[in-house]
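For reference, the chains in residue letters:
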Amino acid sequence: MRTMTTSPPRFDVCIRGAGIVGRSLALMLASQRLRVALVHNPSNLPADHSDVRAYSLNLAAKQLLTDLHCWPEGAACTPILKMHIEGDQNGKLEFDAMEQGVEALNWMVDVPTLENNLSTAVGFQTLIENTPEAVEAPLTVICEGRASQTRAELGIQFDVKHYAQHALACRIHSTLAHGQVARQWFQNTHGPEILAFLPIGGEASHEWAIVWSLTPTRAEELLNADEADFCQQLFKASEGIAGHLDLISERAVWPLQLARAKQWTGKMPSPFTSNQVRAFALAGDAAHAMHPLAGQGLNIGLGDALELARVIETKEFWRPLSDPKLMRRYARARQAEVLAMSCVTDGLQVLFAQPSLPLQKIRNWGMSRFNQLVPVKKWMANQAMHAPSK
Ligand SMILES: Cc1cc2nc3c(=O)[nH]c(=O)nc-3n(C[C@H](O)[C@H](O)[C@H](O)COP(=O)(O)OP(=O)(O)OC[C@H]3O[C@@H](n4cnc5c(N)ncnc54)[C@H](O)[C@@H]3O)c2cc1C
């Protein structure tokens, strides 16, 4: 009789996608002495991969990235001390770190610096191997972003609601210092628009990261407008609050969507061995995508990575990584928070996209009224600042 023996896989976990979520997860798992294959396919990167964005990250994300020794320092990280939000009819909402009794409401982090820090840390970690192709492992984690190919190959339904808005992002310099104040305007002059001026470049800087959610046609127009015209329109939309503006980066546009994978975990069909049970889990934008108006997408994605690492760290010693029960624990722990944040961002987008005058009045009145409810405001800011929690 002939018996077939299969050698044990070289890796415990295969992570597909080396974005911020994939790399952070790889580092957390390697710190648990797990052997990680990180599928890093350079052909998936755009030719000019210089991200003009800066992300607003919360305290939990800061703690996680600090533990990984990857938190950007100095000019690459700007604490937000105040946040001013204006409705489309005099509605106002303000948050103040001092009033909340916290060091900062959030931190604006330079994306290329963060990606670079994570890449360097991965390079130093001997238990992580960058691989160009997926490899055999008891557990595969899919962190390929919202257009994930593996998710599609597994036949997982990705429910997508396309917003009639694209986000135009760029960086600008202003004559007035930002004073660590983030500003956001909900407007309705050229259709529903959301403009965010986010302070970057350090505490005394005059630089801002801009995220402007616009109708696709207007986003295209502003993407192609000459610099002077673009800055003039930005000046007008921001009511001249930062003084004269100069464009200091490329402009880039992202179509916006609310999306959620129907299934987050399951059995991985393996092309390598037909008889072994293998598990998979989705994390980050591969599992969910949301409107950037509240700056929560990556915060939530890092929450996934943290929870996945926690579930693995606290598993029973006899339970294999490929046990689907383990991944179900992860999915159960994450879905409520993701759903709640998706509802908040979608609700705000929909509320401010309605052109009806009575609704306009109600939403602006609601904003100003909410602004006076200090304890409720404090609670809400805390939710946004501290999720995800360990
Ligand atoms: C304009 C804008 C502003 C935003 N601002 C904020 C903010 O302020 N705060 C916040 O928290 N979030 C923000 N977000 C959301 C944030 O960008 C995402 O949530 C975050 O990038 C998701 O990270 P990820 O690692 O899951 O996916 P991605 O960043 O998409 O990374 C996926 C990685 O997988 C790789 N990949 C893809 N397919 C494959 C494959 N087949 N094989 C191997 N590798 C593959 C890709 O090249 C990439 O490196 C914003 C989004 C937008 C559009």
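Definitions and cut-offs
- Residues numbered from 1 in each chain as written.
- Predicted model: local features only at pLDDT ≥ 70, side-chain atom pairs only at ≥ 80, totals over all residues.
- Heavy atoms only, no water.
- Helix = DSSP H or I, 4+ residues; strand = E, 2+ residues; numbered from the N terminus.
- Buried < 20%, exposed > 50% of the residue type's maximum accessible area, 1.4 Å probe, protein only.
- Contact = heavy atoms within 4.5 Å.
- Areas by Shrake-Rupley, 256 points an atom, 1.4 Å probe, with all protein chains shown as cover.
- Axes fitted to C-alpha atoms, helices over the stretch in contact; angles between N-to-C directions.
- Left-handed = near helix turned anticlockwise from the far one by under 90°.
- Nonpolar A, V, L, I, M, F, W, Y, C, P; charged D, E, K, R; others polar.
- Pairing = 2+ DSSP bridges.
- Salt bridge = Lys/Arg side-chain N within 4 Å of Asp/Glu carboxyl O.
- Parallel < 35°, antiparallel > 145°, perpendicular 65-115°, else oblique.
- Expected span 1.5 Å × (residues − 1).
- Arc of directions from axis to C-beta.
- Near = heavy atom within 4 Å.
- Polar contact = N/O pair within 3.5 Å; in protein donor to acceptor, adjacent residues only side chain to side chain.
- Patch = residues over 30% accessible without salt bridge, like charges linked within 9 Å, V, L, I, M, F, W, Y side chains within 5 Å.
- Lys, Arg positive; Asp, Glu negative; His and termini not counted.
- Charge placed at Lys NZ, Arg CZ, Asp CG, Glu CD.

Engineer: What is the right way to read the overall build of the protein chain from this model?
Structural biologist: Across its full length, the protein chain holds 11 helices and 18 strands. Within the protein chain, the fraction of its 390 residues that count as buried is 51%. Put simply, 76% of the contacts in the protein chain that link residues at least 6 apart link residues at least 24 apart. Of the roughly 18,400 Å² of accessible surface on the protein chain, a fraction of 55% belongs to carbon and sulfur atoms.

Engineer: Whenever I open this one, the packing of helix α1 (residues 20–30) against helix α4 (residues 111–124) confuses me. Can you help?
Structural biologist: Each pair of packed helices gets described by two things: the angle between the helix axes and the distance between those axes. Two elements in contact, α1 and α4, have axes separated by 10 Å at closest approach and are oriented at 35°. In this structure, α1 crosses over α4, and the sense of that crossing is left-handed. Between α1, through I20, R23, S24 and L27, and α4, the contact on the second element is made entirely by L114, E115, L118, S119, A121 and V122. Residues belonging to the contact of α1 with α4 are distributed by class as follows: 6 nonpolar, 2 polar and 2 charged.

Engineer: Quick question: what am I supposed to make of the sheet that holds strand β16 (residues 265–267) here?
Structural biologist: In any sheet, the strands associate via hydrogen bonds between backbone groups, in a parallel or an antiparallel arrangement. Within the open sheet, the 6 strands sit side by side as β8-β2-β1-β9-β17-β16. Their pairing is mixed. If you trace the sheet from one side to the other, it starts and ends with β8 (128–131) and β16, each paired once. Along the sheet, successive strands turn relative to each other by an average axial angle of 20°, direction set aside. Bridge count between strand β1 (residues 13–16) and strand β9 (residues 139–142): 4 bridges; the pairing is parallel. If you follow C14 over to β9, its bridge partner there is T140.

Engineer: What exactly am I supposed to notice about the pattern of salt bridges here?
Structural biologist: Close approach of charged atoms allows side chains of opposite charge to pair. Enumeration over the complete set of coordinates arrives at 14 salt bridges. Here R35 and D12 are joined by a salt bridge, their closest N and O atoms 3.0 Å apart. Linking R35 in the loop between α1 and β2 (36–39) with D12 in the segment before β1, this pair joins segments that are 23 residues apart in sequence. Classification of R35 by relative accessible area gives partly exposed; the value is 35%. The exposure class of D12 is buried, given its relative accessible area of 14%. Between D159 and K262 there is a salt bridge, with the nearest N and O atoms lying 3.4 Å from each other. A residue pair is termed long-range when its members are at least 10 positions apart, and D159 in strand β10 (residues 158–174) and K262 in the loop between β15 (252–261) and β16 qualify at 103 residues. Connected through salt bridges with shared partners, the residues E316, R319, D323 and R329 form a single ionic network.

Engineer: It is not clear to me how the packing of α1 against helix α8 (residues 297–313) should be interpreted in this structure. Could you clarify?
Structural biologist: At a minimum axis distance of 9 Å, the contact between α1 and α8 shows a crossing angle of 25°. Judged on the interaxial angle alone, α8 and α1 are roughly parallel. Considering only the axes of α1 and α8, their crossing is right-handed. For the pair α1 and α8, the contacting residues are I20, V21, S24, L25, M28 and L29 in the first and L298, G301, L302, A305, L306, L308, A309 and I312 in the second.

Engineer: Help me understand α4, please; the structure alone is not making it clear to me.
Structural biologist: Structurally, the α-helix is built with 3.6 residues per turn, so residues lying three or four positions apart point the same way. The end-to-end C-alpha distance of α4, which contains 14 residues, comes to 20 Å, matching closely the 20 Å that a straight helix rising 1.5 Å per residue would cover. Within the sequence span of α4, burial applies to V111, L114, E115, L118, A121 and V122. Here the buried residues of α4 occupy an arc of 130° about the axis, which is enough to place them on one side. Exposed and facing more than 90 degrees away from the buried side of α4 are G123 and F124.

Engineer: Please clarify how the site of the ligand should be interpreted in this entry.
Structural biologist: The immediate surroundings of the ligand are formed by 26 residues, with Y55, S56, D285, L298 and N299 found nearest. The separation between an oxygen atom of the ligand and a polar main-chain atom of S56 is 2.8 Å. Burial of the ligand by the protein chains amounts to 85% of its free accessible area of 1,000 Å². Every element with two or more residues in the shell around the ligand is listed here: α1, β3 (54–57) and α8. Among the elements that line the shell around the ligand, the one with the most residues is α8, at 3 residues. Tallied by class, residues from the shell around the ligand come to 11 nonpolar, 12 polar and 3 charged.

Engineer: What am I meant to see in the pairing of strand β17 (residues 279–282) here?
Structural biologist: One face of the sheet, then the other: side chains in a regular strand alternate in exactly this way. Of the two faces of β17, the one lined by A279 and A281 and the one lined by F280 and L282 are each fully buried. Examined bridge by bridge, β9 and β17 share 4 bridges and lie parallel to one another. Bridged to V141 within β17 is A281. Here β16 runs beside β17; their pairing, made up of 3 bridges, is antiparallel. Counted as the bridge partner of K267 is A279 from β17.

Engineer: Please explain a negative patch on the surface as it appears in this structure.
Structural biologist: The grouping of D226, E227, D229, D246 and E250 at the surface amounts to a negative patch. In this fold, E227 is placed in helix α7 (residues 227–237). Residue classification places E227 among the partly exposed positions, given a relative accessible area of 46%.

Engineer: Looking at this structure, I do not really get the environment of R332. What am I missing?
Structural biologist: Within the secondary structure, R332 sits in helix α9 (residues 324–353). Given a relative accessible area of 60%, R332 falls into the exposed group. Placed 68 residues apart in sequence, R332 and W264 show a C-alpha to C-alpha distance of 9.6 Å.

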